[in-house]
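# Observations on chain architecture
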Amino acid sequence: MVPSAYVHIPFCDSICAYCDFVRIQKNESFFSSWKEKLIQEIQEYKISSLHTLYFGGGTPSLLSVDDFASIRNCFPTDIEEFTVECNPESLDEDKLNAYVALGVNRISLGVQSFKDDLLKICHRTHTASQAISVIENIKKSSISTFSIDLIFGLPNQTMEDVKKDISTFLSLDIPHLSIYSLQIEENSIFGKTGVESCDSDLEADMFEYITKTLEAAGYIHYEISSFCKPGHYSKHNLAYWQDKDFYGFGCGASGRVDGIRYDNTTSLKEYCSLGPCPVYIDETLTERGMDAIMMALRTKFGLNIKEWNVKYQSDFKEHYAQVLDKYREYFCFEGECIYLKDAGLEILNTILVDFMLIE
């Protein structure tokens, strides 16, 4: 059984300056053919059970309730965690109530910052007050858990700005936070206009402040970019980090079935005329094992060495002895598992690069 499914909704009202995902401004002329192909793609798998379902994008909350329901109804009714990514400007109370009726029990809200000047720099179309209002509406609904996204290292963002964002987050009593350092992607608006990355020392200071402040407030830092109150892990994302298979549906989606990864076409025109046109990625067992290591070491749960040895037909401790010795002060072994203790972004990336250099 494949436990999880991701559905990519590629449409947005506007294009954020940092975004390099497959996305396009919604155009009614091809929307119906896109929806028809998406439903056809999902139904071909005849999915009878599912642990987690995630609608991402793009902006899934742009869909009308009827369009949303027609896609959702392609999946089983009994799903433990059903997450929908939303933007504040397209999530009102009526849509929220409709989501609840359709089995949605987790919202991931794209806030990015609680400062209006930074939102404008990012080409976001909501305001901080709108975001706060939507957060309060979610808390009053029967949605069982929710998360917001924030970004640090934005152009002109100061440490005081980061402190204000974290302070506002804590004051709103939100169960989960996904917080990312800005990455300048070549095909994003930032990339095309020559915006430069944040000073690396300032970025490290921001991340250290974020981590220490949230942990002091009782949040669990369970993945390098993810913090939650006890019991509010993202079960869907854990499937990725714990090396599980998952379906990827829609234009621009990626998936993994029977250990084989695939990428659907990123051309909306091709998707609407021909369907997903998946390209299967021919990975060696070693490459797949390396992916599992990279994902697992991002989390506080780490890597189960015994399971990895069986699945990837190798001896982890023997094969990677050089890396394990070099960074022994950062590694912790507990039972069958290995994890990184107190690893910041920079040291995590350095260690993962060294893992990849081992043939």
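All of these numbers come straight from a predicted model, not from anything done at the bench. (Residues numbered from 1 in each chain as written. Predicted model: local features only at pLDDT ≥ 70, side-chain atom pairs only at ≥ 80, totals over all residues. Heavy atoms only, no water.)

### Points about the overall build of the chain
- When its secondary structure is counted, the chain shows 15 helices and 17 strands.
- Long-range pairs, those at least 24 residues apart, make up 67% of the contacts in the chain between residues at least 6 apart in sequence.
- The centroid of the 32 positive side-chain charges in the chain is displaced by 3 Å from the centroid of its 54 negative side-chain charges. (Helix = DSSP H or I, 4+ residues; strand = E, 2+ residues; numbered from the N terminus. Contact = heavy atoms within 4.5 Å. Lys, Arg positive; Asp, Glu negative; His and termini not counted. Charge placed at Lys NZ, Arg CZ, Asp CG, Glu CD.)

### Here's the deal with the environment of Glu136
- The residue Glu136 is located in helix 5 (residues 128–140) in this model.
- Sequence separation of Glu136 and Asp173 is 37 residues, and the distance between their C-alpha atoms is 9.8 Å.

### Observations concerning the layout of surface pockets
- Computed from the structure, the second largest pocket encloses a volume of approximately 310 Å³.
- Lining the second largest pocket are 15 residues, with Gln242, Asp243, Leu303, Asn304 and Glu307 positioned closest to its centre.
- Counting residues per element, the ones that place at least two in the lining of the second largest pocket are helix 11 (285–296), strand 15 (303–304) and helix 12 (305–312).
- It is helix 12 that contributes the most residues to the lining of the second largest pocket, four residues altogether.
- Its residues assigned to classes, the lining of the second largest pocket comprises eight nonpolar, three polar and four charged. (1 Å grid on protein atoms, 1.4 Å probe; cavity = no way out; pocket = protein on both sides within 12 Å on 5 of 7 lines; lining within 4 Å. Points joined across faces, edges and corners; volume = space filled by probe spheres on them. Nonpolar A, V, L, I, M, F, W, Y, C, P; charged D, E, K, R; others polar.)

### A closer look at unusual backbone geometry
- Backbone torsion omega between Gly57 and Gly58 reads 25°, so that peptide bond is classified as cis.
- Take Gly58: it is sitting in the loop between strand 4 (50–57) and helix 2 (65–72).
- Although it is not a glycine, Asp173 adopts a positive phi angle of roughly 55°.
- As for its placement among the helices and strands, Asp173 is situated in the loop between helix 6 (159–171) and strand 8 (176–181).
- Exposure remark for Asp173: the relative accessible area of 42% places this residue in the partly exposed category.
- Even without being a glycine, Asp258 presents a positive backbone phi close to 55°.
- Secondary-structure assignment places Asp258 in the loop between strand 12 (254–257) and strand 13 (260–263). (Buried < 20%, exposed > 50% of the residue type's maximum accessible area, 1.4 Å probe, protein only.)

### Some thoughts on helix 8 (residues 200–216)
- A rise of 1.5 Å per residue sets the reference length of helix 8, with its 17 residues, at 24 Å; its end C-alpha atoms lie 24 Å apart and thus fit the reference within 8%.
- Those residues of helix 8 that fall on the buried side of the exposure criterion are Glu203, Met206, Phe207, Ile210, Thr211 and Leu214. In an axial view of helix 8, the angular spread of the buried residues amounts to 130°, which keeps them on one side of the axis. Facing away from the buried side of helix 8 by more than 90 degrees, the exposed set consists of Asp201, Lys212 and Ala216.
- If you follow the buried residues of helix 8, they end up packed against strand 7 (145–152), helix 6, strand 8, strand 9 (220–223), strand 10 (226–228) and helix 15 (345–357).
- Here helix 8 starts with a cap whose side-chain oxygen sits 3.1 Å from the backbone nitrogen of Asp201, and that cap is Asp199.
- Positioned one or two residues after helix 8, Gly218 has a phi angle of 95°, which is positive. (Expected span 1.5 Å × (residues − 1). Arc of directions from axis to C-beta. Polar contact = N/O pair within 3.5 Å; in protein donor to acceptor, adjacent residues only side chain to side chain.)

### Some details on a nonpolar patch on the surface
- A contiguous nonpolar surface patch, about 290 Å² in accessible area, is contributed by Tyr45, Ile260 and Tyr280.
- With respect to the helices, strands and loops of the structure, Tyr45 is situated in the loop between helix 1 (28–43) and strand 4.
- Tyr45 sits in the partly exposed class, given a relative accessible area of 33%. (Patch = residues over 30% accessible without salt bridge, like charges linked within 9 Å, V, L, I, M, F, W, Y side chains within 5 Å. Areas by Shrake-Rupley, 256 points an atom, 1.4 Å probe, with all protein chains shown as cover. Salt bridge = Lys/Arg side-chain N within 4 Å of Asp/Glu carboxyl O.)

### A look at the pairing of strand 6 (residues 106–112)
- The buried fraction of strand 6 amounts to seven of the seven residues, a majority that puts the element mostly inside the structure.
- Of the two faces of strand 6, the one lined by Arg106, Ser108, Gly110 and Gln112 and the one lined by Ile107, Leu109 and Val111 are each fully buried.
- Alignment of strand 5 (residues 79–86) against strand 6, held across four bridges, turns out to be parallel. The residue of strand 6 that forms the bridge with Val84 is Ile107.
- Relative to strand 7, strand 6 runs parallel, the two being bridged by six bridges. (Pairing = 2+ DSSP bridges.)

### Side note on the side chain of Lys95
- By the element assignment, Lys95 lies in helix 3 (residues 93–101).
- One buried charged side chain, Lys95, makes no salt bridge at all; its nearest oppositely charged neighbour is Asp92, positioned 6.0 Å away.
- A distance of 3.2 Å separates a polar side-chain atom of Lys95 from the backbone oxygen of Leu63.

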